[in-house]
Amino acid sequence: MDKRILWGCIAALGLLMLFALITMLLDAQLNHALSTPLGDLPMLDLLGVLVAMAVGGAIAGVRFAPIAAALMAVVWLTSFAVPAASPSMPLLPVIKLNAMAMLLSLAVAVLGARLGAQYGPQWLARISRRA
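Nothing here was measured: the structure is a model prediction, and the numbers come from that model.

Draft legend 1. How the structure looks around the layout of surface pockets. By volume, the largest pocket is sized at about 480 Å³. For the lining of the largest pocket, the elements supplying multiple residues, two or more each, are helix H1 (3-25), helix H2 (43-60), helix H3 (64-79) and helix H5 (91-130). It is H1 that provides the largest number of residues to the lining of the largest pocket, a total of 6 residues. A breakdown of the residues in the lining of the largest pocket according to their chemical character gives 13 nonpolar, 5 polar and 1 charged.

Draft legend 2. Representation of the environment of Val110 in the model. Mapped onto the fold, Val110 is located in helix H5. Each C-alpha atom of the pair Val110 and Asp27 lies 28 Å from the other, and the pair is 83 residues apart in sequence. If sequence neighbours within four positions are ignored, Val110 has contacts with Ala65 and Ala69.

Reading the values: rules and limits
- Residues numbered from 1 in each chain as written.
- Predicted model: local features only at pLDDT ≥ 70, side-chain atom pairs only at ≥ 80, totals over all residues.
- Heavy atoms only, no water.
- 1 Å grid on protein atoms, 1.4 Å probe; cavity = no way out; pocket = protein on both sides within 12 Å on 5 of 7 lines; lining within 4 Å.
- Points joined across faces, edges and corners; volume = space filled by probe spheres on them.
- Helix = DSSP H or I, 4+ residues; strand = E, 2+ residues; numbered from the N terminus.
- Nonpolar A, V, L, I, M, F, W, Y, C, P; charged D, E, K, R; others polar.
- Contact = heavy atoms within 4.5 Å.

Below is the structure:
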């Protein structure tokens, strides 16, 4: 694996964890989910995915987009490990409740990775010129 891709993955996952920590510390006041017929959409979490994957895409380049989708799939699969192990919480209703959030987070991850790959180098060049 290319070092840039590895660093992009590390940065993206680190930022995802940072966003999760921030939303946990700020309580649920800022992270109200938008209710839709297809499930709840946590808008702040989706913004976190966009930013994290854009940073990963800026570091790793255009090859990061499919990896960003795979990272989000792994995040969702690990989040379903608890309901799957719990006999009191059936897994299918949990998946149905989160279906829209899963699909949108995958799409936002790919979008963020592509935007980061496209505009990240220009942004970094502007920052380095100012310094």
